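Listed below are the residues making up each chain.
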2 protein chains.
Amino acid sequence: MKTDKDNSELMPNPANHVPLSPLSFIERAKDIYPERTSLIYGSRKYTWAQTYKRCTQLASALSHHGIQKGDVVSIIAANTPELFEAHFGVPMSGAVLNTINTRLDSDTIAYILEHAETKILITDTIFSPAVKEALILSNRQDILLIDIVDTQAEGEAQGTVKLGMMDYEGFLESSDPDYNWFLPNDEWQSLALNYTSGTSGRPKGVLYHHRGSYLMTMGTVLGWELSGHPVYLYTVPMFHCNGWGHAWTMAALAGTVVFCRHITAKAIFNSIADHGITHFGGAPVVLSMLVNATDEERQSFNHPVKVMTAGAPPPASILEGVQNLGFEVMQVYGLTETYGHVVQCAWKQEWDHLSPGEQASLKARQGVRFPMTEGLRVVCLETGKDVPQNGQAMGEIQIRGNTVMKGYLKNPDATAEAFEGGWFHSSDLAVVHADGYIEIKDRLKDIIISGGENISSVEVENTLYKHPAVAVAAVVAKQDDKWGEVPCAFLELKPDTACSEEEIIAFCREHLAGFKTPKSIIFDILPKTSTGKVQKFLLRERIKSIS
Amino acid sequence: MKTDKDNSELMPNPANHVPLSPLSFIERAKDIYPERTSLIYGSRKYTWAQTYKRCTQLASALSHHGIQKGDVVSIIAANTPELFEAHFGVPMSGAVLNTINTRLDSDTIAYILEHAETKILITDTIFSPAVKEALILSNRQDILLIDIVDTQAEGEAQGTVKLGMMDYEGFLESSDPDYNWFLPNDEWQSLALNYTSGTSGRPKGVLYHHRGSYLMTMGTVLGWELSGHPVYLYTVPMFHCNGWGHAWTMAALAGTVVFCRHITAKAIFNSIADHGITHFGGAPVVLSMLVNATDEERQSFNHPVKVMTAGAPPPASILEGVQNLGFEVMQVYGLTETYGHVVQCAWKQEWDHLSPGEQASLKARQGVRFPMTEGLRVVCLETGKDVPQNGQAMGEIQIRGNTVMKGYLKNPDATAEAFEGGWFHSSDLAVVHADGYIEIKDRLKDIIISGGENISSVEVENTLYKHPAVAVAAVVAKQDDKWGEVPCAFLELKPDTACSEEEIIAFCREHLAGFKTPKSIIFDILPKTSTGKVQKFLLRERIKSIS
């Protein structure tokens with residue numbers, strides 16, 4: 001044997017090989033920091049010892065009710081301690097956590113319950129009307145139902161009803177005090193099942209494994225420069241990529257997680273003042289909220305507050321505005337298929353001396369790979385080669401790493417397509433700047449092709465955002481007999497502003513090439529997903545019906 | 001298929017599974033921070049782009065000279081850029097890095113070269129006299145030899161001579177500019193081979209794998225709360241557990257590593273002033289050096305400087321002294337077999353208000369597991385059960401995790417013994433305090449059994465350190481007809497102090513139980529390993545020859 005050349009002599013054993021799993025983090029938090037505050041939600045407050053106990057109880061109760069390795073436990077809930085606990089308790093039982101988007105229609109919920117083969121469903125009663133309908137539609141009356149009854153949400157309950165055999169608290173009490181949970185034998189074991197937002201067609205079920213979520217945490221700590229015990233406000237919905245994995249990350253750091261049911265500018269500023277929030281995350285729509293907050297809603301703060309933003313490329317003007325309020329913003333990029341963020345706009349010290357405007361422009365780029373991301377390319381779709389780093393040539397973002405999904409559940413074709421050539425295909429289009437930082441220009445399907453010229457809808461939108469009256473802008477293709485497609489803009493205006501179509505078109509013509517200028521403008525409130533993304537497919541349908 | 005229950009349907013592929021390896025870190029540092037300073041050594045200074053290039057050149061030259069996967073490349077060198085480069089260049093070629101302790105005698109070096117089956121040996125010419133002799137003793141004239149000629153070390157060269165076919169710089173130039181290195185196919189592949197210090201018998205060859213060193217870095221960043229780009233002074237010898245893995249960690253953070261050939265108080269204070277050092281590590285002997293520095297040697301600083309200390313339990317008085325100088329010290333514990341530190345004295349906010357003396361006492365404990373350490377127990381050797389958390393009951397420290405060695409090279413018996421029962425056996429004895437923090441009391445073989453009572457040599461040493469004249473203390477067992485064993489103390493006194501045997505014994509009697517008081521005191525300069533550990537086996541031999 002020469003240094004165990006073929007790795008056959010010195011095999012892994014329980015002393016030197018432990019499957020990577022985010023479940024290890026909560027055990028360490030409980031062992032070392034049992035008395036530290038783990039969760040705060042209104043008048044409810046827990047320590048890490050208590051949270052650990054409740055997660056173990058949940059695991060025990062699930063096992064007691066027949067849950068076995070690989071079974072799916074679904075939960076539809078607001079960001080509350082129960083949803084946090086599910087991120088540990090469900091996998092502690094060996095099961096797979098399926099968090100369902102609370103804003104979905106009952107038809108889609110029914111589809112998910114059927115496709116995921118959900119065994120147990122935990123429902124926040126606030127969402128019971130849609131769930132009740134979904135259960136009828138899905139013909140899945142065999143699902144065991146548990147209700148979360150949130151007394152702090154009582155005021156808003158309309159049409160809510162208990163669906164299940166018992167309440168969540170009663171379910172926890174049904175647990176076995178001697179229950180022992182175990183790490184998975186294999187770090188490749190499924191941990192979570194997250195359905196894509198489904199901008200077209202049925203949502204796809206994205207499977208995460210324990211290894212990926214462990215490494216997501218480690219890479220996030222390095223990339224976001226987390227240290228000490230952060231106080232994290234959970235503004236990102238936890239049903240979205242498991243809230244970017246931050247539940248697991250906060251356990252790794254024995255931080256404190258603060259929840260609030262409704263994310264408003266006032267709620268965020270209040271939390272900063274009341275709890276000393278140091279970190280939160282949110283789509284650009286959350287940043288806009290902060291920038292557009294009234295004086296009455298705002299509160300000043302004098303400790304550093306770091307914000308991770310993702311979900312859509314934020315306009316530089318919003319980044320600059322939120323920076324001026326004292327927030328340190330880092331833009332990140334990722335997809336459900338990559339456990340959330342895998343690309344970050346890593347700051348460089350040489351940018352410190354630039355003007356706020358220049359800094360905001362740099363921050364509006366998506367950037368470079370996170371420490372756990374092993375490969376990031378922008379690939380020319382025609383040649384299959386990396387595009388030149390010139391800030392002009394557009395290509396598809398492709399990703400490689402341990403925080404790329406196992407694949408799509410029961411969808412081998414889509415899985416094979418996503419992994420073609422050994423890289424994950426994002427369907428997002430970007431350019432690479434001279435310093436290697438990438439900048440997203442569009443979704444593959446959002447590109448507008450007018451007279452043979454590619455028009456980036458994001459570029460047109462960024463121009464529209466510079467107009468003082470524009471609050472939200474979305475540009476989509478409209479069929480045109482002469483040009484094939486032409487850009488059409490949907491605009492949501494700021495309160496107490498007014499603006500004409502002619503004025504907007506003239507404004508665009510000043511800043512954009514003629515062929516990029518929208519040919520028609522529609523003023524309206526725009527349909528958005530729960531993460532603040534404008535639902536362009538709805539706008540495209542509307543365009544068709546108008547044409 | 002239900003959520004890929006048996007993990008068979010959705011198999012790993014190149015897009016979603018990349019072997020964990022610290023080699024990924026330097027590629028990212030080069031990609032994102034090519035112009036940042038990587039290494040500083042006297043007048044030599046490199047960027048991450050340059051360091052990456054030199055590492056790749058080293059890998060190419062090794063391949064060109066026949067090195068294949070699993071071959072051993074040994075290096076005996078001071079902490080210089082070449083030794084840092086070897087930490088990347090050697091594994092980039094697929095080979096295993098064997099760093100040899102520069103203070104070893106030629107007989108032991110010969111043993112290592114034979115046992116490791118070294119293919120190429122890189123020698124810092126300062127150490128050529130011992131290496132030359134070792135080559136003759138080992139009958140390994142087939143080893144290909146490369147010399148590091150360090151012009152900045154010229155003044156001290158005595159008897160140095162070039163041994164090899166070419167100099168290191170010429171070797172790098174022999175590389176192929178088109179060489180492509182690859183990550184290992186298997187993260188379990190051997191990365192490094194480190195020989196134990198061999199306090200008794202022949203040293204054992206400890207094998208590390210890529211997975212372990214990757215996770216060591218991640219855990220170190222979390223546990224030591226590293227963020228930004230640290231400026232790290234490499235005071236820990238890199239031949240010792242690969243310098244606690246900090247070469248790889250600094251690449252992960254694109255930090256700056258500063259080297260100096262001779263670690264003195266003056267050199268450390270100068271580096272802090274000249275380069276803005278933010279972090280370094282060192283055995284307690286380095287801390288003593290700082291505390292005992294003259295006013296002339298000291299320089300003040302006003303930025304935070306964090307120090308990781310390990311290698312021997314530091315006396316609370318030294319911890320308090322170094323804290324008073326402005327350093328933030330964290331004690332850690334580990335062994336060659338655990339890639340270095342796996343236990344840390346994690347600070348708790350509730351200790352902030354304690355007196356400096358109380359804080360130093362808490363910091364003198366080894367503490368709790370690092371984030372990458374999956375299990376830490378203190379086990380009663382008689383019952384095999386965890387000892388109670390009472391600060392009294394002593395047991396053996398046992399460890400489980402991914403930063404535990406693959407095993408000992410060509411030593412299946414020692415490997416099996418070390419991993420018995422699925423835990424790594426440290427042979428160190430500790431107690432567990434009520435808060436779960438462990439405190440080392442002794443090495444298993446350092447315990448003194450006197451009249452049936454166990455005496456912790458560390459406890460007696462800590463008492464001796466409280467005497468104002470004592471600089472270094474070591475207590476070992478002396479055979480005694482009546483009691484079996486009695487404690488005997490070896491003392492090194494501070495400069496310009498004097499003290500009698502009677503005075504020391506009286507001092508101990510005041511602070512210790514009678515049976516723990518040393519029965520004889522020997523004043524001398526004590527023999528130490530390169531990492532500052534007193535070589536007790538030499539003291540024991542001396543005791544025998546006196547008796």
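Scroll up a little and you will see the structure.
Reading the values: the criteria
- Residues numbered from 1 in each chain as written.
- Chains lettered and ligands numbered in written order.
- Predicted model: local features only at pLDDT ≥ 70, side-chain atom pairs only at ≥ 80, totals over all residues.
- Pairing = 2+ DSSP bridges.
- Helix = DSSP H or I, 4+ residues; strand = E, 2+ residues; numbered from the N terminus.
- Contact = placed C-beta atoms within 7 Å.
- Nonpolar A, V, L, I, M, F, W, Y, C, P; charged D, E, K, R; others polar.
- Least-squares fit on C-alpha atoms with pLDDT ≥ 70 in both.
- Buried ≥ 20, exposed ≤ 12 C-beta atoms within 10 Å, placed from the backbone.
- Axes fitted to C-alpha atoms, helices over the stretch in contact; angles between N-to-C directions.
- Parallel < 35°, antiparallel > 145°, perpendicular 65-115°, else oblique.
- Left-handed = near helix turned anticlockwise from the far one by under 90°.

What follows covers the sheet that holds strand 2 (residues 44-47) of chain A. Residues and elements named next belong to chain A. The mixed open sheet is built from nine strands, whose spatial order is 2-1-11-10-12-13-14-15-16. Of all the strands in the sheet, the pair left with one neighbour each is strand 2 and strand 16 (368-369). One ladder, built from two bridges, connects strand 10 (residues 231-233) with strand 12 (residues 279-282); its direction is parallel. Note that in strand 12 the partner of Y232 across the bridge is H279.

This next bit is on the sheet that holds strand 13 (residues 305-309) of chain B. Residue and element names in this part refer to chain B. Across the sheet, which stays open at both edges, the nine strands sit in the order 2-1-11-10-12-13-14-15-16 with mixed pairing between neighbours. Lying at the two open borders of the sheet, with one neighbouring strand each, are strand 2 (44-47) and strand 16 (368-369). Bridge analysis of strand 14 (residues 327-335) against strand 15 (residues 340-344) gives four bridges, and the strand direction is antiparallel. Each bridged residue has a counterpart across the sheet, and for Y333 the counterpart in strand 15 is V343.

Counting residues at the interface gives 57 residues for chain B, matched by 56 residues for chain A. At the level of secondary structure, the elements contributing two or more residues to the side of chain B that touches chain A comprise helix 1 (23-32), strand 8 (190-195), helix 7 (210-223), strand 16 and strand 18 (395-401) of chain B. If one sorts the elements of the side of chain B that touches chain A by residue count, helix 1 of chain B sits on top with four residues. Of the residues contributing to the side of chain B that touches chain A, the split by class is 25 nonpolar, 17 polar and 15 charged.

Moving on, we come to the relation of the copies chain B and chain A. Each copy superposes on the other: chain B lies on chain A with an RMSD of 0.1 Å after a rotation of 180 degrees and an axial shift of 0.0 Å. When the rotation and shift are considered jointly, the pair of chain copies conforms to a two-fold rotation axis. When C-alpha distances to the rotation axis are compared across chain B, the minimum falls at M218 of chain B, with a value of 3.0 Å. Of all interface residues in chain B, 98% are interface residues in chain A too; the two copies therefore contact each other through one and the same surface.

A word on the pairing of strand 20 (residues 424-432) of chain A. Residues and elements named next belong to chain A. With respect to burial, strand 20 is a largely interior element, seven of its nine residues being buried. With four bridges joining them, strand 18 (residues 395-401) and strand 20 adopt antiparallel strand pairing. Within strand 20, the residue paired with I399 across the bridge is F424. Inspection of the sheet shows strand 20 paired to strand 21 (residues 438-443) by five bridges, in the antiparallel sense. Each bridged residue has a counterpart across the sheet, and for L429 the counterpart in strand 21 is D442.

The next thing to look at is the environment of H115 of chain A. Residue and element names in this part refer to chain A. Within the secondary structure, H115 is located in helix 4 (residues 106-116). Taking C-alpha positions, H115 is 8.3 Å from K410, a pair spaced 295 residues apart along the chain. Dropping the residues within four chain positions of it, H115 is found in contact with G205 and K410.

We now examine the environment of I32 of chain B. On the secondary structure map, I32 of chain B appears in helix 1. The exposure class assigned to I32 of chain B is buried, which follows from the 20 C-beta atoms found within 10 Å. Taking the C-alpha atoms as reference points, I32 of chain B and D446 of chain B, separated by 414 residues in sequence, lie 49 Å from one another. When residues no more than four places from it in sequence are discounted, the contact partners of I32 of chain B are A346, V368 and G436 of chain A together with A254 of chain B.

Our next topic: the packing of helix 11 (residues 284-291) of chain A against helix 12 (residues 316-324) of chain A. Residue and element names in this part refer to chain A. Where helix 11 contacts helix 12, the axes come no closer than 9 Å and their chain directions differ by 55 degrees. With respect to each other, helix 11 and helix 12 are oriented oblique. The interaxial crossing formed by helix 11 with helix 12 has left-handed handedness. Touching P284, L287, S288, L290 and V291 of helix 11 are I318, G321 and V322, all from helix 12. Class assignment of the residues belonging to the contact of helix 11 with helix 12 gives a composition of six nonpolar, two polar and no charged.

Function-wise, these values are silent; they only describe arrangement.
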